[in-house]
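The residues making up each chain are set out below.
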Amino acid sequence: MRPSASMREAYGRTLVELGERHPEIVVLDADLSTSTQTFLFAKRFPERFFNVGVAEANLMGVAAGLASCGKLPFVSTFSVFATEKGLSQFKQSIAYPNLNVKVVVTHGGLSVGEDGASHFCLWDLAVMRSLPRTTVIVPADAVETEQAVRSLVRHRGPAFLRLPRAKTGLVYGEGYTYRGERLEFRIGGSVVLEEGEDATVLATGPMVVEALEASEALRKEGLRVGVVDVHTLKPLDERTVLEAASRTGFLVTAEDHSIFGGLGGAVAELLAERRPTPLKRVGVKDEFGKSGSWRELYEAYGLTSRHIQQAVREVRGMAR
Amino acid sequence: MVVFDRKSEPHTPSLLRELEEKARTIRRDSLIMTTEAGSGHPGGSLSCADLLSVLYFHHLRYDPANPAWEGRDRFILSKGHACPALYSALSLAGFFPREWLRTLRRLGSPLQGHPDSSSTPGVEASTGSLGQGLSIGCGMALAGRLDRREYRVYVLMGDGEMDEGQVWEAAMFASHQRLDNLVGIVDRNRIQLDGFTEEIVGLEPLAEKWRAFGWNVVEVDGHDLRQVAEALDGAEGVKGKPTVLLARTVKGKGVSFMENQVKYHGTPLTREELERALGELGG
Ligand SMILES: Cc1ncc(C[n+]2csc(CCOP(=O)(O)OP(=O)(O)O)c2C)c(N)n1
């Protein structure tokens, strides 16, 4: 078994570390700081932490005002509340005037688990990706989360970074290495984890681990399946996606999100216009979801390594 | 750097005459702009013209040559649909050429149908979807306090806008944070889009609501320039809580046939009506 680690904790720790060196960082939360882990920042820098209470519209607006005066706000709450209750404010008060606000949400996708459908947001990536000027990042594990959060400090403009609730398997080694090789996180990039010949799985968030396991299992069937960690949904690393399409001829996307409009949507749009390629999307299929443990939900809604393997077999059965 | 900074000037008859002149120009501009554009919101532009005149030509500190000057006071037009009046005031203050006004709402114009800080010099926040300005003002006021700056933040809202929940989220937050560098101004013209505020969703007792939310409340005649100026000055002396001015105004103020008429909320004047209106406004 692969070791797992909490991306939320990695976020909270990294924020504190960044706060030491960047006096312009301020952190805002909407009464979920113990869940999002921004309480760590609040403890260390109480004067730079603002809890607005259960008021997500105000959360976004206050961040906009701070950013327009030169601060670098990190805004956190659950994805469902940020995107569904703060969307109008994110759009008009932050993205449209191109303000430097980083919205880092936790509890993305079905990884929320037992709280159920009221707390799932299976369309946040679709919504945020369609907003102009907005960068959308979904790290694969705790190590990549740390890198992604750091990169947000150098990035200018509105950004949305989505983390799961669950502790998920580690993809990367300490300091952002893969099989001993040191990597560099670049917004707008992606990481080719496995080279393939027969198909490629483009995965994001906790589904990257599932994709790696699927690739390993399929090797036993004699298939060489590539795996790409698409950590930035927008701007999408189009070159890598198109290369994978040309090289392996069959693509599968995998995400803890609706199959509409997220990674699967982005890849489908790109392929349809630039390089029509057989594609299968692994994700939640137009459902709100139900309560259960996150592993059970991943099973029930088709988000496991096994489902990815099946999708690879199916897509290879499609005509090229 | 030429900073506009006249707030310490006494409210002499000559100052008040000057502010009255500016308000007249803001009204004339707002009507001409919306008629030329063929759309826009004249009624609510006229109701806040006097408030904008006192702010931009007496109370606020700013540098039109350097709109990003960090020490400037911030003004947010949360009722963004009244931007013809704001654009007029900004042009008179020297943020951009007067000629721009006639381009309102045209493709390629820096003057968008609703204010956008990334399009227009001097515009501090993007608004239009109502209810959002006070939160932004809270953020600016917090930043001013963190940076130990003297600037003050002003947010002009409509009374119909008070229906929005976000206004009250921000109101609670501002008093909790003791943002005494923040001033809200409510253009209490008693009309919103579909009709009269008290018939749609009654707001009264509005002063008591703001007081209950922890604000210092000042009620003024929003067309009495001296009262408005004094209330803005007075707010600077109030410590530990934000201040809100409830400005009693008349929608369409200054043009007899527009006053208190729901119709002119979002309907520009015809050419003939415009001629009559400009005649009444004089100047
Ligand atoms: C969130 C939102 N809902 C609806 C509208 C459409 N709208 C534009 S102006 C207006 C009425 C505003 O009334 P009030 O705040 O009293 O403005 P004023 O009378 O001062 O012009 C409405 C409903 C909007 N701009 N924003």
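Residues numbered from 1 in each chain as written. Chains lettered and ligands numbered in written order. Predicted model: local features only at pLDDT ≥ 70, side-chain atom pairs only at ≥ 80, totals over all residues. Heavy atoms only, no water.

### Quick word on the interface of chain B and chain A
Frequently, the measure chosen for interface size is the accessible area that the parts lose on association. How we decide: Pairs of residues are marked as contacts when any of their non-hydrogen atoms sit within 4.5 Å. Accessible surface is computed with a 1.4 Å probe, and the buried area is the amount of it that two parts give up when combined, taken over both parts together. Salt bridge criterion: a side-chain nitrogen from Lys or Arg within 4 Å of a carboxyl oxygen from Asp or Glu. Definition of a polar contact: a pair of N or O atoms within 3.5 Å, with one able to donate and the other able to accept a hydrogen when the atoms are protein atoms, and with sequence-neighbouring residues admitted only if both atoms are side-chain atoms. By definition, any uninterrupted DSSP run of H or I lasting at least four residues is a helix, any uninterrupted run of E lasting at least two residues is a strand, and each is numbered from the N terminus. Note on residue classes: Ala, Val, Leu, Ile, Met, Phe, Trp, Tyr, Cys and Pro are nonpolar, Asp, Glu, Lys and Arg are charged, and everything else, Gly too, is polar.
Contacts between chain B and chain A engage 25 residues on the former and 24 residues on the latter. Here chain B packs against chain A, burying approximately 1900 Å² in sum over the two surfaces, 56% of which is carbon and sulfur. In terms of surface lost to chain A, no three residues of chain B exceed Gln132(B), Leu146(B) and Glu169(B), which account for 26% of the buried area on that side. Put simply, chain B and chain A have 1 salt bridge between them. As a salt-bridge pair, Lys71(A) and Asp147(B) come within 2.5 Å of each other at their nearest N and O atoms. Inspection of the chain B/chain A interface yields 8 residue pairs in polar contact (both at pLDDT 80 or more). For the side of chain B that touches chain A, the elements supplying multiple residues, two or more each, are α5 (133-146) and α6 (165-176) of chain B. No other element matches α5(B), which puts 8 residues into the side of chain B that touches chain A. Here the side of chain B that touches chain A is composed, by residue class, of 9 nonpolar, 12 polar and 4 charged.

### Examining the pairing of strand β1 (residues 74-77) of chain B
Residue and element names in this part refer to chain B. To be explicit about the condition: Throughout this description, buried means an accessible area under 20% of the type-specific maximum (1.4 Å probe, protein chains only), exposed means over 50%, and partly exposed covers the range between. DSSP-based pairing: two strands are paired if at least 2 bridges between them are found.
Burial of β1 is two-sided: the residues Arg74 and Ile76 facing one way and the residues Phe75 and Leu77 facing the other way are all buried. As paired strands, β1 and strand β2 (residues 153-158) are joined by 4 bridges and run parallel to one another. Within β2, the residue paired with Phe75 across the bridge is Tyr154.

### Here's the deal with helix α13 (residues 305-316) of chain A
Quick reminder of the rule: Here a helix's expected span is defined as the number of its residues, less one, multiplied by 1.5 Å.
Given a rise of 1.5 Å per residue, 12 residues ought to cover 16 Å, and the 17 Å separating the end C-alpha atoms of α13(A) matches this to within 8%. Each element contacted by the buried residues of α13(A) is listed here: β12 (199-203), α9 (207-219), β13 (225-229), β15 (251-258) and β16 (279-284) of chain A.

### Remarks on the pairing of strand β7 (residues 159-162) of chain A
Residues and elements named next belong to chain A. Rules: A crossover counts as right-handed when, viewed with the strands pointing away from the observer, the path leading from the first strand over the helix to the second turns clockwise.
Of the two faces of β7, both are covered, the one formed by Ala159 and Leu161 as well as the one formed by Phe160 and Arg162. Both strand β6 (residues 135-137) and β7 contribute to a ladder of 3 bridges, which runs parallel. Looking at β7, one finds that Ile137 is bridged to Leu161. Regarding topology, helix α8 (residues 142-154) serves as the crossover connection from β6 to the parallel β7, and that connection is right-handed.

### As for the sheet that holds β2(B)
Residue and element names in this part refer to chain B. Where we set the bar: Here an axis means a line fitted to C-alpha atoms, over the contact stretch when the element is a helix, while the angle between two N-to-C directions is reported on a 0 to 180 degree scale.
Spatially, β1-β2-β3-β5-β4 is the arrangement adopted by the 5 strands of the open sheet, whose pairing is parallel. Edge positions in the sheet fall to β1 and β4 (216-221), since each has one partner strand and no second. When the angles between neighbouring strand axes are averaged without regard to direction, this sheet yields 20 degrees. Bridge analysis of β4 against strand β5 (residues 243-248) gives 6 bridges, and the strand direction is parallel. Paired with Val218 across the bridge in β5 is Leu245.

### As for the sheet that holds β15(A)
Residues and elements named next belong to chain A. Here 5 strands make up an open sheet; going across it, the order is β11-β13-β12-β15-β16 and the pairing mixed. Strands with a single pairing partner mark the edges of an open sheet, and in this sheet they are β11 (191-194) and β16. With direction set aside, neighbouring strand axes in the sheet form an average angle of 25 degrees. As paired strands, β12 and β13 are joined by 5 bridges and run parallel to one another. Looking at β13, one finds that Ala203 is bridged to Asp229.

### Overview of the packing of α5(B) against α6(B)
All names here are of chain B. Keep this limit in mind: Oblique is the label for any angle not covered by the other classes, which are roughly parallel (under 35 degrees), roughly antiparallel (over 145) and roughly perpendicular (65 to 115). Each crossing is labelled by how the near helix is turned from the far one, with a counterclockwise turn of less than a right angle marking it left-handed and a clockwise turn marking it right-handed.
In the contact formed by α5 and α6, the axes pass within 8 Å of each other and the chain directions differ by 25 degrees. Taken together, α5 and α6 sit at an angle that is classed as roughly parallel. The interaxial crossing formed by α5 with α6 has left-handed handedness. Here Leu134, Ser135, Cys138 and Leu142 of α5 come into contact with α6, specifically with Gln166, Val167, Ala170, Ala171, Phe173 and Ala174. Tallied by class, the residues present in the contact of α5 with α6 amount to 8 nonpolar, 2 polar and no charged.

### A word on the packing of aromatic side chains
All names here are of chain B. Rules: Two rings from Phe, Tyr or Trp (for Trp, the six-membered ring) form a pair when their centres sit within 6.5 Å of each other. Planes less than 30 degrees apart are called stacked, planes more than 60 degrees apart edge-to-face, and all others tilted. Distance and angle both matter: a charge sits over a ring if NZ of Lys or CZ of Arg is within 6 Å of the ring centre and within 35 degrees of the ring normal.
Tallying each qualifying case throughout the model produces 16 aromatic pairs over all chains. Between Tyr56 and Tyr62, the ring centres sit 5.7 Å apart and the planes meet at 55 degrees, which makes this aromatic pair tilted. Accessibility classification places Tyr56 together with Tyr62 in one group, the buried group. Both rings, one in Phe96 and one in Trp100, keep their centres 4.9 Å apart while their planes meet at 10 degrees; by these two values the pair is stacked. Phe96 sits in the buried class, given a relative accessible area of 5%. Owing to a relative accessible area of 26%, Trp100 belongs among the partly exposed residues under this scheme. The structure contains a cluster of three or more aromatic residues connected by ring pairs, namely Phe4, Tyr56, Tyr62, Phe75 and Phe95. In this structure, Lys22 is placed above the aromatic ring of Phe57, and the distance from its NZ or CZ to the ring centre is 5.2 Å.

### Considerations on the environment of Asp50(B)
All names here are of chain B. On the secondary structure map, Asp50 appears in helix α3 (residues 49-59). Spatially, the C-alpha atom of Asp50 lies 28 Å from that of Leu142, the residues being 92 residues apart in sequence. Filtering out sequence-adjacent residues up to four positions away, Asp50 remains in contact with Ala23, Arg27, Gly222, His223 and Leu225.

### Structural notes on the nonpolar core
Keep this limit in mind: The nonpolar core is taken to be a set of buried Ala, Val, Leu, Ile, Met, Phe, Trp, Tyr and Cys residues, with the residues joined through side-chain atoms within 4.5 Å.
One finds Leu28(A), Val103(A), Leu251(A), Leu134(B), Met162(B), Leu182(B) and Trp210(B) to be the most contacted residues of the largest nonpolar core, which totals 76 residues. Here Leu251(A) is in contact with Thr200(A), Leu202(A), Val241(A), Ala244(A), Ala245(A), Val267(A), Leu271(A), Thr277(A), Pro278(A), Leu279(A), Lys280(A) and Val315(A), once residues within four sequence places are set aside. Judged by nonpolar contacts, the second largest core, of 63 residues, contains Phe120(A), Leu152(A), Trp294(A) and Val315(A).

Remember, this is a structural readout, not a statement about activity or role.
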